[in-house]
Amino acid sequence: LAVGCFVVNYCCTQEALKQPCATYKIAQARSPSHLSRSTPVSQQVKVKPSVTINQDDIVATDKGFRSLAKHLGLSDKSIEMLKGRGLDSAAIARGCFFDVAPSSAVPPECKDLPGVSNGRITVSGRGVAIPAFNSAGLITGVQIRLEGETDNKYRWLSNKKRSANSLMGELPIAVENLGEQIKPDIWLCEGVLKPFVAAHRLKVAMIGASGANFTSSKTQLELLLKDSTKNLILAPDGGAIANPLVM
C-alpha cells in the first residue's frame with residue numbers, strides 16, 4: 001500500500017492548508033467526535049463563507065449511488081479483483097462497488113447523479129465504480145477504475161451538468177473508520193480504493209485523496225482534522241518514487 005510513512009501532529013490552520021501535504025505545521029488539537037458516523041444527516045455544514053452544504057443533498061446523492069450499485073451489480077471478475085486486494089465478501093458489500101460500461105442505462109432515481117446523462121452512464125470504457133464515503137458513511141462521489149488503462153486509471157464520475165466537485169465545491173475525499181477509535185492514529189494516503197482497503201485490512205482510520213492532492217479538498221480536511229489530537233501518518237504511494245505529484 002505504501003513505500004514508507006512519516007508521522008506528524010497536525011495544526012489545521014488556514015495558512016497550513018495552503019501548503020503541500022508534507023509541509024503542514026506540526027501541532028495538536030482535539031477529538032473528531034463532531035464528525036463521527038452518528039452526526040445527524042439533517043445538519044447543515046458551513047464549508048466556505050459563500051457556500052452552505054445541505055446534508056439532504058448529500059443524503060440524496062448517497063441514496064442515488066446505492067440504488068445505482070444495486071441496479072448495475074458487480075461481476076465475478078470484479079469481485080475477484082477486490083478480493084485480490086485483501087477485501088472479504090462483507091467488506092465488498094459494504095463498499096457498494098459496482099460495474100460500469102459506456103451508456104449503461106440507469107434507474108429514474110439516478111438520473112441526476114454525476115456521470116449520468118439522458119438516463120445513461122457517461123464513461124469512456126468499462127470499469128469498477130469505487131465510492132468515496134464521508135465521515136458519516138455517506139457516498140459523496142464515485143471514481144471509476146477503468147479496465148486496461150495504465151495512465152489516469154481512476155476517473156471521477158462526472159458530466160457537464162454535475163461535476164465530481166458539485167456537491168461540496170471540492171473533490172470528495174475518502175474517509176474510513178475516523179469516528180470508531182480503532183487505533184490512535186489517522187493515516188493519510190493517495191486514492192479512494194487504497195484507504196478503503198487499508199482501513200479494512202489494518203483496522204486503522206484512513207483519509208484518502210485522489211492523487212494525494214489534499215489541498216484540492218482543504219475545507220473538508222480542515223473540518224475532519226481541526227479538533228483532532230491524533231497523530232497523522234502520511235503513507236506515500238508507490239507511485240511517489242516516479243511521480244512527484246503523487247504523495
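Residues numbered from 1 in each chain as written. Predicted model: local features only at pLDDT ≥ 70, side-chain atom pairs only at ≥ 80, totals over all residues. Heavy atoms only, no water.

Trainee: Could you clarify how one ought to interpret the packing of aromatic side chains in this entry?
Mentor: The relation between two aromatic rings is expressed through the spacing of the ring centres and the mutual angle of the planes. All told, the structure shown has two aromatic pairs when counted by the stated rule. A connected cluster of aromatic rings, assembled from ring pairs, spans Phe-97, Phe-133 and Phe-196. The ring of Phe-133 has Arg-94 lying over it, and the distance from NZ or CZ to the ring centre is 5.1 Å. (Phe/Tyr/Trp six-rings, centres within 6.5 Å; stacked < 30°, edge-to-face > 60°. Lys NZ or Arg CZ within 6 Å of the ring centre and 35° of its normal.)

Trainee: Looking at this structure, how should I read unusual backbone geometry?
Mentor: Most peptide bonds take the trans configuration, and most residues that are not glycine carry a negative phi. If you check the backbone angles, Asn-118 has positive phi at about 55° while not being a glycine. Position of Asn-118 among the secondary structure elements: in the loop between β5 (116–117) and β6 (120–121). The backbone phi angle of Lys-203 is positive, close to 60°, even though this residue is not glycine. Among the structural elements, Lys-203 can be located in the loop between α5 (193–202) and β12 (205–209). (Helix = DSSP H or I, 4+ residues; strand = E, 2+ residues; numbered from the N terminus.)

Trainee: Looking at this structure, I do not really get the environment of Val-123. What am I missing?
Mentor: You can see Val-123 is positioned in the loop between β6 and β7 (127–133). Residue Val-123 is classed as buried on the basis of its relative accessible area of 17%. Expressed as a C-alpha distance, the spacing of Val-123 and Trp-156, which sit 33 residues apart in the sequence, is 9.4 Å. Setting aside residues no more than four positions away along its own chain, Val-123 makes contact with Val-100, Ala-101, Pro-102, Ile-144 and Leu-157. (Buried < 20%, exposed > 50% of the residue type's maximum accessible area, 1.4 Å probe, protein only. Contact = heavy atoms within 4.5 Å.)

Trainee: Hey, could you run me through the environment of Gln-143 in this one?
Mentor: Secondary-structure assignment places Gln-143 in strand β8 (residues 139–146). Judged by relative accessible area, which is 3%, Gln-143 ranks as buried. The spacing of Gln-143 and Ser-210 is 67 residues in sequence and 9.1 Å in space, taken between C-alpha atoms. For Gln-143, the contacting residues outside a window of four places in its chain are Val-128, Ala-129, Ile-130, Tyr-154, Arg-155, Trp-156, Val-192 and Ser-210.

Trainee: How should I be thinking about the pattern of salt bridges in this particular structure?
Mentor: When the charged atoms of two side chains with opposite charge come close together, those side chains can pair. Counting across every chain of the model gives five salt bridges. Residue Arg-94 is joined to Glu-176 by a salt bridge in which the shortest nitrogen-to-oxygen separation is 3.3 Å. Taken together, the residues span a long stretch of sequence, with Arg-94 in helix α4 (residues 89–94) and Glu-176 in strand β10 (residues 174–176) at a distance of 82 residues. With relative accessibility at 30%, the residue Arg-94 sits in the partly exposed group. Residue classification places Glu-176 among the buried positions, given a relative accessible area of 2%. Two residues, Arg-155 and Glu-149, come together in a salt bridge whose shortest N-O distance is 3.7 Å. For Arg-155, a relative accessible area of 28% gives the class partly exposed. Residue classification places Glu-149 among the partly exposed residues on the basis of a relative accessible area of 31%. (Salt bridge = Lys/Arg side-chain N within 4 Å of Asp/Glu carboxyl O.)

Trainee: Hey, could you run me through the nonpolar core in this one?
Mentor: Core analysis: the largest hydrophobic core is formed by 35 residues, its most contacted members being Leu-68, Leu-87, Phe-97, Ile-121, Val-142 and Ile-144. Among the secondary structure elements, those contributing two or more residues to this core are α2 (55–72), α3 (76–84), α4, β4 (98–100), β7, β8 and α5. Ranked by residue count, the leading element in this core is β7, at five residues. Excluding residues that lie within four positions of it along the chain, Phe-97 makes contacts with Leu-74, Leu-82, Leu-87, Ala-91, Ile-92, Val-128, Ala-129, Ile-130, Pro-131, Leu-193 and Phe-196. Listed in part, the 14 residues of the second largest apolar core include Ala-205, Ala-209, Leu-221 and Leu-225. (Core = buried A, V, L, I, M, F, W, Y, C linked by side-chain atoms within 4.5 Å.)

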